[in-house]
Amino acid sequence: MTHNEIDTLAKTWIIDTATGPVNPRVQQIVLRLVSDLCKSIEDLDIQPSEFWKGLEYLSEAGGRNELGLLAPGLGLERFLDIRADEAEARAGLAGGTPRTIEGPLYVAGAPVSQGYARLDDGSESAGAEVLFMQGTVRDQRGRPLPGAQVEVWHCNLLGNYSFFDKSQSHFNLRRTIIADAEGRYQLRSILPVGYSCPPDGTTQRLLDQLGRHGHRPAHIHFFISAAGQRKLTTQINIDGDAYLWDDFAFASREGLVPAVRRVTSEQAIAARGLQAPFAEIDFDFSLHADIPTAPASVVERSRAGA
């Protein structure tokens, strides 16, 4: 069957069968996806058993809540970021802190702190390297943004996230920090590790078929928002990680790998109230002004809440 014949057939299924009110946008998207899928079945000679196995796979992935992991693993979430970058460039927005993927592990409702927050609950202190991270949230002209909201979350030393990992305390390694009058934020936490897709999960099973690994470098997630500014979704990677530029989720970007300083000075250690060396990162966030010609920066999607 030719592509034109498939387009005509798909139209009879999706458009010509309508007998009530239609959502034009949904109709447009479904028609395109059904038509393109049928063309793929034809071009690749996909057999019925392969088709149904594919549906079974997607059903299993949904049942395991792994579709949000599969999307970045196939590059789809990165592609959305590429399109958002292009749309901002067309609107005349350039520079600023690079965006990168949100991933599937944000949880709304983290405790709010003013200026400073400690993220970890101390349960891993014996084996962890203490991290202090600080910086300023600024606009595109370099002016501080007082009261900017810094939402931050990352995994523990086992590569697991609180809420999804029920063994962790409530909101461990998750906080919302309100920047001070000079736009500054500071946090204390533990230096996170990299992690991998569940080895028995649907995402890794597909990656195995593609000859790919499922590892992520150590990273810290952020939502940054302020009045009159475009919301920024980003993450920093921890320099030196073996998978720094080989992230299975394609989230590594230039400008998001700050230097990690190892502080060994006894005076500096004592000033922090510690008894051992610690790591320190300085990182400023730069936001774009929210202008009407740019697409929405707030992404509507289902997210966990606790």
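Everything numeric in this text was worked out from a predicted model, so none of it was measured. (Residues numbered from 1 in each chain as written. Predicted model: local features only at pLDDT ≥ 70, side-chain atom pairs only at ≥ 80, totals over all residues. Heavy atoms only, no water.)

A. View of the sheet that holds strand 11 (residues 232-237). Taken in spatial order, the 5 strands line up as 2-6-5-10-11 in an open sheet, and their pairing is mixed. In the strand order of this sheet, the two ends are held by strand 2 (112-114) and strand 11, each with one partner. Neighbour-to-neighbour, the strand axes of this sheet turn through a mean angle of 25 degrees, independent of strand direction. The sheet contact formed by strand 5 (residues 149-153) and strand 10 (residues 219-225) spans 5 bridges and is antiparallel. Bridging from a neighbouring strand, W153 pairs with H221 of strand 10. (Pairing = 2+ DSSP bridges. Helix = DSSP H or I, 4+ residues; strand = E, 2+ residues; numbered from the N terminus. Axes fitted to C-alpha atoms, helices over the stretch in contact; angles between N-to-C directions.)

B. Seen up close, the pattern of salt bridges. A complete count under the given rule lists 25 salt bridges for this structure. Residues R253 and D85 are paired through a salt bridge, measuring 3.0 Å at the closest nitrogen-oxygen approach. Here R253, found in the loop between strand 11 and strand 12 (261-263), pairs with D85, found in helix 5 (residues 76-90); they are 168 residues apart in sequence, far enough to count as distant. With its nearest N and O atoms 2.9 Å apart, the salt bridge here joins E129 to R262. Residue E129 is located in the loop between strand 3 (116-118) and strand 4 (130-138), and its partner R262 is located in strand 12; the two are separated by 133 residues in the primary sequence. According to the relative accessible area criterion, E129 is partly exposed, its value standing at 27%. By relative accessible area, which is 46% here, R262 ends up partly exposed. When salt bridges with common partners are traced through the structure, they connect D85, E88, R99, R230, R253 and D290 into a single cluster. (Salt bridge = Lys/Arg side-chain N within 4 Å of Asp/Glu carboxyl O. Buried < 20%, exposed > 50% of the residue type's maximum accessible area, 1.4 Å probe, protein only.)

C. Layout of the packing of helix 3 (residues 48-63) against helix 6 (residues 202-209). It is at 9 Å that the axes of helix 3 and helix 6 come closest, and there the two elements cross at 140 degrees. Here helix 3 is positioned oblique relative to helix 6, judged by the angle of their axes. Between helix 3 and helix 6, the contacting residues are Y57, E60 and A61 on the first element and T202, T203, R205 and L206 on the second. In terms of residue class, the contact of helix 3 with helix 6 is built from 3 nonpolar, 2 polar and 2 charged. (Parallel < 35°, antiparallel > 145°, perpendicular 65-115°, else oblique. Contact = heavy atoms within 4.5 Å. Nonpolar A, V, L, I, M, F, W, Y, C, P; charged D, E, K, R; others polar.)

D. Representation of the pairing of strand 4. Buried residues dominate strand 4, accounting for 8 of its 9 residues. Strand direction decides the pairing type here: strand 4 and strand 7 (residues 184-190), joined by 7 bridges, are antiparallel. Residue V130 lies in a different strand from strand 7, and its bridge partner there is I190. Pairing geometry for strand 4 and strand 13 (residues 278-282), over 4 bridges, is parallel. Following the sheet pairing, L131 is matched in strand 13 by A279. Sheet topology note: the strand 4/strand 14 (residues 285-286) ladder contains 2 bridges and is parallel. By the bridge assignment for strand 14, R138 is matched with S286.

Purely geometric stuff here, so don't read any function into it on its own.
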